[in-house]
Structures are given as structure tokens and as C-alpha cells.
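Residue-level structure breakdown
For reference, the chains in residue letters:
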Amino acid sequence: MKPWLIFSLASILILECLCGAITKFSDDSKVTIRVKRQGTVSDTCDFGVDPTLLTCDWKNRNGSSLKWELGAGTLSNWLGGPPTDSGQGEDAEKGGYIFFETSLLAAPVVRVDDITIREGQNAFIESPVLGSTGAEGKCVSFSFNIDGLSAAGLRVILQPTNKDGRPDGFFRVLWGTKDPTNKIWMNSEVLYTYNKDHQIVLEGIAKELPDPFRKFRGYVAVDNIAIKQGLECKGHCTFEGGFCGWINDEDDDFNWSLGRGSKNPSTGPATDRSSFIYGGMEGGYAFIDSSYPRRPGDMARMSSMEFEPTGPDTPLCLRFWTHMYGNGIGTLTISISDTREGEDRDIWSLTGEAGNSWYQAEVPVSSANPFKIVITAKIGKNNLGDIAVDDISLTPGSCPTAPQIAAATSGDCTFEVDECGWSNIGSRERLDDIDWERTSGAALRSTAHDHTLGTEKGYLMTLSRTTLQRPGSRAWFTSRDFKTATTPRCLSFWFVMNEPFIDSIGPSLGALSIYLRSIDNTGVTVMKPIWRLYNHQGPDWQYAQALIKDPNDAILIEGIWGSSRANGFIAFDDITFFGGSCSIIPAGAKVRPGECRFERDMCDWSNGTDKSPASWRMATVNRRPSNLPDKTFGAPDGYIYYDLFNQILGANMVRLISPVIPVTDEPQLCFSFWYAAFGAGESALLQIMRQDNSSGETPAEKIWSLEAKNMDTTRPAWMPAQVTVESNKPFHIIMEGQATNGGFAVDDIIFTPGSCPTRPDKAAIKNQKLKVT
């Protein structure tokens, strides 16, 4: 059996329940609102407009003290819920929705039919009783919004009912997500089939009672619910009543077929996927029959309908179940067919027997042009090679390729089995101090669970504390070499940066950074930062993206501990790569030219003075002014300074020049940094100049100037500074320093959009038109 199959059926079920994907709710993906008839669930229920709100016959479950409530943006500050409904127009604030306030607590017990049972801590709202879906199934579509520390997710459940319309027996989770949506409405849909009376139930999930965040306000909100015909779930298929719009290609060797159970016990599945998981005999699947007259190498191709291009930040996640049993199994491949360019691109491929069971697979899908998804099965070495697929679904959002060995390019990883080829920097090139560690949720106790499963059984990567030497200790985790590629890719992942107790001096957790690592023409290793966040970002998992313009560069993930490492937590999970140029998420992780915290180098800032010691330099453990620690993490190094001694002031000017700062969307930027003056004299001077990056010698304009006079330079301390910089043209920042016995240290240089007042006040330049050459 293949190594990737060594996981339990319980894990499969957990993955299915928690595999909900999310994306921004845009006009392109907006659910069509039809004319609503009260109580008719086949039409979209938009829950009305304030003050005329309605539930369209969706009802809270009897006996539950926690309930879904009607809400609207106009009522959100009073009752709770999001500030708008899922609409995009002027009436979005008045538009209605339903929501569950997740900080509420249910009564400890409740009596139902004279039986005392414990009350659940989640909220359930049910559709009217529905009959058989028929073989074509039903498509459930909806919008959702999840926010707040107490919110833990949303599930869509199929609940069978008895003759009295009451819940009967088992329930089936059709869809679920545990991730916050950052106050943005998302949408999703799910296709299902069931041949008896049933209800669709929405379950709003709150954090567990022992969780300290349960008392914080939060909500799970839903809007625009519709139960439609199965074919309206584009690309989804259960293969119960046909191919759901998927088409057998004409230019292959043979066709995919529909089946309900293999005729040969040595190959193929005994039942479809739903029957395998839930019992019963519900329906069929698609498969290839490898018996005569098929020959080794014959291929069958099945193509989806055409899809619109995916957005740069909105890939799709293709999920399906596969059965590959028989010693003659060949290859199953998933491809993207670019209908504009006429080119196919393989994104998932698996060869060989995988055991007599159904297994869930997933792969991210992205395309800049209209496209089709193609499923190709290739006959193996003999006729015991039936390959089957079932329950195809497409949901917005990225997802790590599963199983790992099926990925077209290396890099995707959930860390449930191993590190997938990622590794800590080896001892031969020991440039870091500590390691990233693959850790189980159980080992973390109450700190956190992994993101993939959301349970203590899952695994994630955490920044080690075991061999810490000092603040500023770092770990480097690097990818293996990627296959040659020519187009940009997007790296997505989930992270936690949590500092539960913040010292009075401010956050000092550490940093999480993504670098591109390459070798230049001279053989020197080049490290280019493309994503970076510092210190506390919150206790929950957050989604992240970084653009990789050169897909052949190695990826390096760096973690740095600050001074509060004892109570902090830095981790990442679920790395995924998908094609295309994407945005930086979150926006604060964008690495702007010129920004620098000097943790490992000078970030392309360069000395304008070549003579040593008359130059700016990096602080080191053994050489730093007045034992000054760095501002970022309190480490003994990690900042720059100049230290001068000369009897003639002005004879020892030092300059530090930034890289080119490009034009931004904002006409002005706020240039901020921290400084510390040191030395025995009061003659130290630090000034900031702006110089246009144009041809010829453009004079520099002085915009900020500060003297060490009247400062306590014997005990230097970090002080904040800022000044507005015009950004309508590309420019350089020049830091210029002078001293006769001392100098200035500088750290944490940052650019932020917009103007800002000059600080400290005494550094302001009265005549802004003064030019310095």
C-alpha cells in the first residue's frame, strides 16, 4: 500500500467535514436573486430588507436554546452580525440575513419529551422537509460571513426525517468551513443526492466552552440560501443520474462509463463513495473498464464544461474521490485545458494501486484564460486496472494537493505525514540558530490545533524554543528545488503569530518572513524578501499569500523569536502553490523597497562613503555602541549605526542611501524609523533627505534634521521619528550623519501610505525648499 494511504477513515471524514473553501464575494460570482415566494425553498431566500425581515420557512431547531436570529447592517451594532448583507449595492446596509451570536451560552440542560438531555452549544436552523432529490440531485448555494474570536465555523448538514417530519437516525455533513472570512461575505455551493424525506440544516459552530475566547463577541452569518436543480452546481457531480455536464472526449481511445459496483472483485469498487462512507446503496460513480478490448496505454478523457478565468486571488479547489484497486492500475491525471490557447497543463497525477477503498483527493485550479478540467485515465499493464472517480466538487479557495505525491510540482504540504521535501537548513550551512519543528496538536496542549484537521491529531510547523540562545534567534525552512517553470506562481499558507501577554514596552513576539533564494552569476546566494509580518497578529489561523515572480527560485521560510518567546507562538500550515500573479495577503505583509529592520543585512541600503570607519555599519554582538540592544526584538544586534571621532565637525560626513522607492498609489508616504543618539559629545547630527531618481545630478531636499544637543547620550534609548515624503516620482532617501565623538543608531525603517506630522517636533525643517547637494 502507498504511504499516503496510511491514515484512518476517521481522518477522511474530518477532512470532508472541514474542507470548506472561501473566496471574496464578487459581482462575478454573485448568486442570482430570483423573485422570492415566502416558504418556497427552491427560490433564493435573501431574508428581506429592514424593517421587513423574514426567514422563508427556515426555522430554528425545536428544543435548542441557542438560535439563529434575523439581522441587518442597520441593526448590527445593537443585535450583532455583519455591517451589511452580501449585496453590493446601496441597500446592502439594510439587507437582511440570519446570524448566530457565538458568544452566547446555552442552558446547561434541557428536557425534550420528558427526557433530560444536555444542551448543545451550537445553533441549528432547518429547511422545511424535502422529498427525494432524484438522481440529478439538488444544489445548495449560499453566502456566509464568519468573524470574532468565539466563532468556530459553519456546516451544511443533510438530516433524514421520519414520517412525522422529525430527525431520524444519522446525519451527513455535506460541507463545512472552520475559517474566519475577515468580515467579508463569501459564497459556496454543494451538490447532494438523497432518495428519502430529509432536511437541510445549517449549523453555526462556536468555540468550545473551555476555550477562553468563547466569551468574546463573534458571529456566523448566512445569506441568499437557495436549493436548486443539481445541474446549477456547475462542475459538481455525484454520477447518480448521469455525467452532470461532463463529456467524454471524441479524440481518445474509449469512454468513461457509469457504474454501481464492479463485476470483478479483484478490481474496481464494490459501491459508490457515499455508500462506502454512510452505508446503503445510494448510487453510482464514473469508471473506466480495462477489460477486453482495452490494451495497455489506452486512454479515456472526460472534460468539464467551460469555466470563466479564475481571478488572481480566487483559485478554485477541485475535490473528488478516487478508487484505484487492482494490480493492473495505470494512471489517473487531472489537467487544465486552456480553451483560448489550446494547451493542456497537468496539475495532478497518480499511478498504481492504492488499495480497495475510496480516498479523497484535492488540487488547486487556476487559469488566466477560460478553461476546462480534464480527467484522463490510462490503462495499465493488464485488465485488472479499473479506475473510478466520484463526488466531484469545486469550491472557491486554494487547497494543498492531496495526496502529496500526486502534485505536478513539489511544494504543497499539510504536514500530516511528513515535511514533503521541505527541510531545515543543514549543519554545513548553519546560518540560523534554531529549527522549525513538525508538531502535533496534542503536543501543544491548549496552545493551538493544526489548521488542516483542526484537532489535536493534526500536525503543523512551529518555531522551536528548545535551543534558544537569545532574542533574535532564527530558523530557516527551505523547499526542495522546483521543476523548471516559466510563469509566476502564488504561494498560499495559513499562519498563527500569537503573543498572549504583551509587555508594557510593546509587542516583541518575533517575525515570520518568506524569502526567494537564488544564486547570482558570481555564485553568491541572494535572499529576496517577498512577505513579512512582525509580532502579534492574533490567536487564530489566518490566510496568507505571496507572489513568486521567478518560479524556479527556492522558497525559504524564516522565523525569528523576539524577547517574549516564552509565552508566544509562531506556526504555519497547509502550504499550497497555484499558478498566476496574486496579491500579498494580508496587505501588511507586503515588503516595500527601502523598508528594513536590519535583522540580517542592510536591505539594499548602501553606504555613500567608502572609507572605514567613516561609514554606516551593522551592529554585532561584539561591536555595538553603549551595549545598545536592537529596537525590534531586544537582540544584541539587528540595527545600523555610525560612530565618529574627529576634532573638525563636517570633515567626517557619512551617508546611507536607500534603494529606489517607486511611485505609489498614494501621492505621499510617511517615512518612519527609530533612532538612538550615543557618545560623549553633543555635536552628533542626523538628517534625512529626499532625492528624485531622475537622470543627472538632482539636488537632494532636506526634510528632517535632529541634533544630539541636550539629549542624554550616555544612556541611549530608542525614540520614534517620522516625516512625510512626496511619492509622485521615484526617489531615494538619504540618511546623513555627522559627529565629533559619537553618533546615531537607526532601526525599523517603514513606509506607510499617507502623510504624517514630523516627529519629534524639533526635527522639522522650517524651509522645506532648502536644497542640499
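The preceding data block contains the structure.
Summarised in this report is the structure supplied together with it. (Residues numbered from 1 in each chain as written. Predicted model: local features only at pLDDT ≥ 70, side-chain atom pairs only at ≥ 80, totals over all residues. Heavy atoms only, no water.)

Some thoughts on the environment of Thr-713
Checked against the element boundaries, Thr-713 lands in the loop between strand S42 (700-707) and strand S43 (719-726). Judged by its relative accessible area of 6%, Thr-713 is buried. Separated by 31 residues in the primary sequence, Thr-713 and Phe-744 place their C-alpha atoms 9.5 Å from one another. A polar contact is formed between the side chain of Thr-713 and the backbone oxygen of Gly-679, at a distance of 2.6 Å. (Helix = DSSP H or I, 4+ residues; strand = E, 2+ residues; numbered from the N terminus. Buried < 20%, exposed > 50% of the residue type's maximum accessible area, 1.4 Å probe, protein only. Polar contact = N/O pair within 3.5 Å; in protein donor to acceptor, adjacent residues only side chain to side chain.)

Here's the deal with the state of the cysteines
Under the counting rule described, the total for this entry stands at 8 disulfides. Put simply, Cys-670 and Cys-756 are joined by a disulfide, and their sulfur atoms are 2.1 Å apart. Linking Cys-670 and Cys-756, the disulfide has an S-S dihedral of approximately 90° and is accordingly described as right-handed. Taken together, the residues Cys-670 in strand S40 (residues 668-679) and Cys-756 in the loop between strand S45 (741-753) and strand S46 (771-772) connect sequence positions 86 residues apart. For the pair Cys-670 and Cys-756, one class covers both residues: buried. (Disulfide = S-S within 2.5 Å.)

Brief notes about the sheet that holds strand S30 (residues 510-519)
What the 5 strands build is an open sheet, ordered S25-S28-S33-S30-S31; its pairing is antiparallel. At either margin of the open sheet sits one strand with a lone partner, and together these are strand S25 (423-424) and strand S31 (525-534). As paired elements, S25 and strand S28 (residues 474-478) share 2 bridges and run antiparallel to each other. When the sheet's bridge partners are listed, Asn-424 is paired in S28 with Phe-477. (Pairing = 2+ DSSP bridges.)

Let's talk about unusual backbone geometry
Cis geometry marks the peptide bond from Ala-402 to Pro-403; its omega dihedral reads -5°. Among the secondary structure elements, Pro-403 is positioned in the loop between strand S24 (387-396) and S25. In this structure, the amide linkage connecting Arg-759 to the following residue, Pro-760, adopts the cis form with an omega of -10°. Even without glycine at this site, Phe-598 takes up a positive phi of about 60°. Within the element layout of this structure, Phe-598 appears in the loop between strand S34 (569-579) and strand S35 (606-607).

Digging into the pairing of strand S19 (residues 316-324)
Burial runs high along S19: 9 of the 9 residues are buried. Burial along S19 is two-sided: Leu-316, Leu-318, Phe-320, Thr-322 and Met-324 and Cys-317, Arg-319, Trp-321 and His-323, pointing in opposite directions, are all buried. Across 7 bridges, the pairing between S19 and strand S22 (residues 359-365) is antiparallel. Across the sheet, the residue bridging to Thr-322 is Tyr-359, located in S22. In the sheet, S19 pairs with S24 via 8 bridges, with the strands oriented antiparallel. Note that in S24 the partner of Cys-317 across the bridge is Thr-395.

Some thoughts on the packing of aromatic side chains
A complete count under the given rule lists 31 aromatic pairs for this structure. A centroid spacing of 6.0 Å and a plane angle of 45° characterise the contact between Phe-142 and Phe-144, whose relative ring orientation is tilted. Judged on exposure class, the residue Phe-142 and its partner Phe-144 are both buried. Ring geometry for Phe-307 and Phe-371: centres 5.4 Å apart, planes at 20°, overall stacked. (Phe/Tyr/Trp six-rings, centres within 6.5 Å; stacked < 30°, edge-to-face > 60°.)

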